[in-house]
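Each chain, written out:
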Amino acid sequence: MGRGGRHRGRSQRKDFKESRENVWKRPKSDASVDGSDNAVPEQKPTWEPIVTVNPNFEEYYKEQGVVKAEEWDLFMEILRKPLPAAFRVNSNGQFCDEIISILENDFMKSLQAEAIEGGELEAIKPLPWYPKNLAWHSNFSRKEIRKNQTLERFHEFLKLENEVGNITRQEAVSMVPPLFLDVHPDHFVLDMCAAPGSKTFQLLEIIHEASEPGSLPNGLVVANDVDFKRSNLLIHQTKRMCTSNLIVTNHEGQQFPGCRLNKSRASEKGISENMPINQLAFDRVLCDVPCSGDGTLRKAPDIWRKWNSGMGNGLHSLQIILAMRGLSLLKVGGKMIYSTCSMNPVEDEAVVAEILRRCGDSVELLDVSDKLPELIRRPGLKKWKVRDKGGWFTSYKDVPQNRRGGVLVSMFPSGKNLKDSTETTQKNENVDVNGCEDGLKEADVPVVDATPDEQAEEVSDLPLDRCMRIMPHDQNTGAFFIAVLQKISPLPEFQEKPNTKRNSTAKSTDSTEKSLSKESVVTVDAAVPDESAVEKVIEADSNNEKDDSLEPEKKITEGESITEDKEANSSNAGGKRKVPMQGKWKGFDPVVFVKDETVINGIKEFYGIKDEAFPLHGHLVARNNDTSSVKRIYYVSKSVKEVLQLNFAVGQQLKIASVGLKMFERQSAKEGSSTLCPFRISSEGLPVILPYITKQVLYTPMADFKLLLQDKSIKFLDFANPQLAQKATDLVMGSCVVILSDGEEPVKVDASTIAISCWRGKASLAVMATAADCQELLERFAEKTPKTEGGSVNGSNDDLGGPQAMETA
Ligand SMILES: C[S@@+](CC[C@H](N)C(=O)[O-])C[C@H]1O[C@@H](n2cnc3c(N)ncnc32)[C@H](O)[C@@H]1O
């Protein structure tokens, strides 16, 4: 019997069938669409059908030719259907193989009856183009899964595994860009517009792919997003990954700092001007830009009502400057993905064409047609039109002066202001072209002769067919656009700098937003993926050192401050951070290296961690502006440490929202008892540090391990195995680790080791892990019971599989 083991009768299938017939409904009280799943309320109000008609949308895409006339009806039919749910199994999760096996051998079969009832061939199936059966598609929509009782067991499974980080719910097409980025474990990767973080999670998985338990990759991911609230969702998402190789930053992507140590600064600091210039450059950049999001219509049906052509036009310039900044931060030889969840060529091919024009020979649009052959996609367009309120334009030369504020030359296939052979000259009045952020006059958009081809119809001469457009009706998904770019040589000099007036012929964010408010009715963030792990808005993440629930016990002397922002130091008193606004950075406490020998040596001694095996010095950071109350200590990988040091060296340019892996947490012992070390091992950090802990470890067989998970606390005398009582008593009071073992003998920690963080009290042992983690382990053991226990509890964990130890608090 599978987990939960609840089988429902046929009567309940009726509800399911009905739910499938009602295509889209929404609560009568309107819900705003911000693209994230939390926009779809769980409340049970009266429901009214959502209108899935928008004549402007239909007219626009018919004219653009993104689908052929003969497939139009199918395209529209699929767009009106709710999006099937999709999810990925975390390839670094300890139970990865086991989860795939449950999907293949249990749910694929047990859900089949429901699929047939609903008219589908398969209930769930692995996405054929995703490696190693790690990604799955379900023919049930997410709403069906949530609402239909027959699917409850599957829903519970998804919810629990998602919560503990073993799976991530993510729209299928949103999984594609990281697969084309060709990331290696030693790469420095920048995810420029990262929230809510599903692709960041994928990037981290790839970085960690080849790591043994306890060993850390050389690479790192910097996940950036301008939106503070959404950054918190990202922090929450990626916390489930237990990584010390992530930095989360809060910058406008187009202004992301290069952390360059310039000459004047070098002399100020007395550093030789001849030293190599330090630059934070990346091997890979993911530029998954804000977009109009019409590729997510199936998931966010409110877009039907809101869509208009101005949405794409209004974002075009921001998309260009984000992509240009991404390319300038890329190492020569490095690769960047430009992607959107929009089908609109103005946000897609036109942006790629413009960045290729700006970069000349220094950037190549790669042909990746031989990669992921099972993924059905269409080549990028080479011709398209531009529409605004006034009508359609096939060439910039046809755009009247009064429309040139919103319609830019870069939106057209040629990217040029072509002279019509029938015209003698183009008037170049000194009129501001709003699309040019530095106030370029129209005279600066040169009028050029059209080639004979261009005179007939504007067709791009760039190899835009190398771009990829995924269409919903090809494989029952959402839509997505992806281009893979490679930096061949340094960019033309003026393009290498962050977005400045001088280097851009596009609108600034401000002018983009102005243009948006003029013509579009959806927010910039409308196009956001479906990741359900972000169903709650988290107001402050656990990095917040102002949480007073833990008592300060011991003073930690800070090392050097990495982000010494005065405003950061003076804010954030109440636990809620302020949103950085108008370029001012507010809200995050500075990152400091923990250098206090008493603290570090105390931890090392208490847990028996040897320096040569696992150095702590230089790898521990805290968030604090008050050195007396460090409560959480984060571990950073060597790569992250180097970036922090560089950041410090160049004047704290990075606005760091979160960094490192929470490894130690200050814990007060109960009144009347005391502990030698006030820092307990956090469950997030345990998988990394477990192989190096030599003290405060208790090995328990399965029966007692289960008891501990069930009861959360166990008196020493209640252990089923009487020897354990003595061994638990022998531990020093305070934090300890309990490892599932064949007997009560030590086992060598490897990928299959299961461990939880505990607290050794006066006469009992208490679990310091979340209820979800305990439940997940118990269910895992239940799945295994017939095979491993055979009437007797042997406690062997040999067949539990997967990397790293498991648990979190
Ligand atoms: C399409 S979503 C990104 C989705 C994300 N890559 C993922 O897979 O979860 C676009 C994101 O861009 C962010 N954004 C908007 N303008 C930005 C800017 N100027 N710089 C950086 N991020 C920006 C939005 O807050 C939004 O989170």
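Thresholds, definitions, all that
- Residues numbered from 1 in each chain as written.
- Predicted model: local features only at pLDDT ≥ 70, side-chain atom pairs only at ≥ 80, totals over all residues.
- Heavy atoms only, no water.
- Helix = DSSP H or I, 4+ residues; strand = E, 2+ residues; numbered from the N terminus.
- Buried < 20%, exposed > 50% of the residue type's maximum accessible area, 1.4 Å probe, protein only.
- Contact = heavy atoms within 4.5 Å.
- Areas by Shrake-Rupley, 256 points an atom, 1.4 Å probe, with all protein chains shown as cover.
- Near = heavy atom within 4 Å.
- Polar contact = N/O pair within 3.5 Å; in protein donor to acceptor, adjacent residues only side chain to side chain.
- Nonpolar A, V, L, I, M, F, W, Y, C, P; charged D, E, K, R; others polar.
- Pairing = 2+ DSSP bridges.
- Axes fitted to C-alpha atoms, helices over the stretch in contact; angles between N-to-C directions.
- pLDDT = per-residue confidence, 0-100.
- Phe/Tyr/Trp six-rings, centres within 6.5 Å; stacked < 30°, edge-to-face > 60°.
- Lys NZ or Arg CZ within 6 Å of the ring centre and 35° of its normal.
- UniProt positions renumbered as here; feature names shortened; annotations may be inferred.
- Parallel < 35°, antiparallel > 145°, perpendicular 65-115°, else oblique.
- Left-handed = near helix turned anticlockwise from the far one by under 90°.
- Salt bridge = Lys/Arg side-chain N within 4 Å of Asp/Glu carboxyl O.
- Core = buried A, V, L, I, M, F, W, Y, C linked by side-chain atoms within 4.5 Å.

J.: Sorry, what's going on with the overall build of the protein here?
T.: Check the secondary structure of the protein and you find 24 helices and 31 strands. Classification of the 809 residues of the protein by burial places 61% in the buried group. Excluding contacts between residues fewer than 6 apart, the proportion of contacts in the protein whose partners are at least 24 apart in sequence is 78%. As displayed, the protein offers around 31300 Å² of accessible surface, 50% of which is attributable to carbon and sulfur atoms.

J.: I keep staring at the site of the ligand and nothing clicks. Help me out?
T.: Around the ligand, a shell composed of 25 residues is seen, among which Lys199, Asp225, Arg230, Gly253 and Asp288 lie nearest. The contact in question runs from an oxygen atom of the ligand to an N or O atom on the backbone of Ala195, over 3.0 Å. Within the side chain of Asp225, a nitrogen or oxygen atom sits 2.6 Å from an oxygen atom of the ligand. In isolation the ligand offers 600 Å² of accessible surface; the protein chains occlude 98% of this area. Mapped onto the shell around the ligand, the elements with two or more residues apiece are α9 (198-208) and α13 (309-328). Looking at the shell around the ligand residue by residue, the classes come out as 12 nonpolar, 6 polar and 7 charged.

J.: What should I look at first to understand the sheet that holds strand β27 (residues 697-700) in this one?
T.: One key point about sheets: their strands pair by backbone hydrogen bonds, in either a parallel or an antiparallel sense. Pairing in this open sheet of 5 strands is mixed, and the strands run β27-β29-β30-β31-β28 from one edge to the other. Each edge of the open sheet carries a strand with a single partner, namely β27 and β28 (713-715). Between one strand axis and the next, the sheet turns by 30° as a mean value, whatever way the strands run. Note that β28 and strand β31 (residues 764-767) share 3 bridges and pair antiparallel. When the bridges of β31 are listed, Lys715 appears paired with Ser764. Lying over the sheet, helix α22 (residues 702-711) contacts β27, β28, β29 (734-740), β30 (755-760) and β31, oriented at roughly 130° with respect to β29.

J.: Just to check I follow, could you spell out the confidence of the model for the protein for this structure?
T.: Close inspection of predicted coordinates is inappropriate in any region flagged by low pLDDT. Across the protein, the average pLDDT comes to 77, with 70% of residues at or above 70. When the criterion is pLDDT under 50, residues 500-585 qualifies, and its contacts beyond four places in sequence or with other chains add up to 272 contacts.

J.: I keep staring at the packing of aromatic side chains and nothing clicks. Help me out?
T.: Aromatic ring pairs are reported here in terms of the distance separating the ring centres and the angle at which the planes meet. Taken as a whole, this structure holds 20 aromatic pairs when the rule is applied. Look at Phe107 and Phe154: their rings are 5.1 Å apart centre to centre, the planes differ by 55°, and that puts the pair in the tilted class. Placement of the pair is Phe107 in helix α4 (residues 96-110) and Phe154 in helix α7 (residues 152-163), with a sequence separation of 47 residues. You'll find Phe107 and Phe154 in the same group, each marked buried. Ring centres 4.8 Å apart and planes at 20° place the aromatic pair Phe614 and Tyr692 in the stacked group. Here the residue Phe614 occupies a position in the loop between α19 (597-607) and β22 (620-623), and Tyr692 occupies one in the loop between α21 (686-689) and β27, the gap between them amounting to 78 residues. Here the two residues Phe614 and Tyr692 agree in accessibility, since each one is buried. Taken together, the ring pairs in this structure connect Phe57, Tyr60, Tyr61, Trp304, Trp307 and Trp392 into an aromatic cluster. It is Lys331 that lies over the ring of Phe188; its NZ or CZ is 5.9 Å from the centre. Positioned over the ring face of Tyr396 is Arg404, at 4.2 Å from the centre of the ring.

J.: Could you clarify how one ought to interpret the UniProt feature "binding site: S-adenosyl-L-methionine" (unreviewed entry) in the protein in this entry?
T.: Mapped onto this numbering, the UniProt entry annotates "binding site: S-adenosyl-L-methionine" (unreviewed entry) at Cys193, Ala194, Ala195, Pro196, Gly197, Ser198, Lys199, Asp225 and Asp288. Spanning 96 residues, the annotated positions come together in the fold, the maximum distance between their C-alpha atoms being 12.9 Å. In this structure, Ala195 sits in the loop between β7 (188-191) and α9. Owing to a relative accessible area of 8%, Ala195 belongs among the buried residues under this scheme. Summarising the element assignment, Asp288 is placed in strand β10 (residues 282-288). For Asp288, a relative accessible area of 13% puts it in the buried group.

J.: Which parts of the structure should I look at to understand the sheet that holds strand β5 (residues 135-141)?
T.: Strand order in the open sheet formed by 4 strands is β4-β5-β3-β6, and the pairing between neighbours is antiparallel. Two strands lie at the open edges of the sheet, namely β4 (124-126) and β6 (167-169), each paired on one side alone. Geometrically, the sheet is characterised by an average inter-axis angle of 25° between neighbouring strands, direction not taken into account.

J.: Explanation requested: the packing of helix α2 (residues 55-64) against helix α3 (residues 72-79) in the structure shown.
T.: If you want to describe how two helices pack, look at the angle between their axes and the distance between the axes. The interhelical angle for the contact between α2 and α3, taken along N-to-C directions, is 140°, at an axis separation of 12 Å. One finds that α2 runs oblique with respect to α3. Crossing of α2 against α3: the hand is right-handed. In contact with Phe57, Glu58, Tyr61 and Lys62 of α2, α3 contributes Trp72, Phe75, Met76 and Leu79. A per-class count over the contact of α2 with α3 returns 6 nonpolar, no polar and 2 charged.

J.: Just to check I follow, could you spell out unusual backbone geometry for this structure?
T.: Negative phi values dominate among residues other than glycine, just as trans dominates among peptide bonds. For the bond from Ala195 to Pro196, the omega torsion is 5°, close enough to zero to count as cis. Among the secondary structure elements, Pro196 is positioned in the loop between β7 and α9. The backbone phi angle of Lys132 is positive, close to 60°, even though this residue is not glycine. Topologically, Lys132 is positioned in the loop between β4 and β5. Under the relative-accessibility criterion, Lys132 is labelled exposed at 63%. Here the phi dihedral of Asp182 falls at roughly 60°; this positive angle occurs in a residue that is not glycine. Inspection of the secondary structure puts Asp182 in the loop between α8 (176-180) and β7.

J.: Would you explain the pairing of strand β9 (residues 246-249) in this entry?
T.: Within a regular strand, side chains alternate between the sheet's two faces. Going residue by residue along β9, you find Leu246 and Val248 tucked away on one face and Ile247 and Thr249 tucked away on the opposite face as well. Bridge count for strand β8 (residues 220-224) against β9 is 4 bridges, and the pairing is parallel. Looking at the pairing, Asn224 lines up with Thr249 of β9. Looking at chain direction, β9 and strand β24 (residues 656-659) are connected through 3 bridges and run antiparallel. Pairing of Val248 across the sheet is with Ser658, part of β24.

J.: Would you mind going over the packing of α4 against α7 with me for this structure?
T.: For the pair α4 and α7, interaxial distance at closest approach is 12 Å and the crossing angle is 165°. Judged on the interaxial angle alone, α7 and α4 are roughly antiparallel. Between α4 and α7 lies a crossing of left-handed hand. Facing Ile99, Ile102, Leu103, Asp106, Phe107 and Ser110 of α4, the residues of α7 in contact are Arg153, Phe154, Phe157 and Glu161. Per-class residue counts for the contact of α4 with α7 are 6 nonpolar, 1 polar and 3 charged.

J.: Sorry if this is basic, but what is going on with the pattern of salt bridges here?
T.: Any two side chains of opposite charge can pair, on the condition that their charged atoms come close. Scanning the entire structure with this criterion turns up 34 salt bridges. Arg469 is the partner of Glu349 in a salt bridge, and the nearest nitrogen-oxygen pair spans 2.6 Å. With Glu349 in helix α14 (residues 349-359) and Arg469 in strand β18 (residues 468-470), this pair connects stretches of sequence that are 120 residues apart. In terms of burial, Glu349 and Arg469 fall into one category: buried. When salt bridges with common partners are traced through the structure, they connect Arg632, Lys662, Glu665, Arg680 and Glu684 into a single cluster.

J.: Please explain the nonpolar core as it appears in this structure.
T.: Of all hydrophobic cores here, the largest spans 89 residues; its most connected members are Val89, Leu103, Phe154, Phe180, Phe705, Ile756 and Leu765. Of all the elements, α4 adds the most residues to this core, at 6 residues. In this structure, Phe180 is in contact with Ile337, Val368, Lys371, Leu372, Leu375, Arg377, Met468 and Val484, ignoring residues within four places of it in sequence. Within the second largest apolar cluster, 86 residues are counted, among which are Phe188, Ala350, Val351 and Val409.

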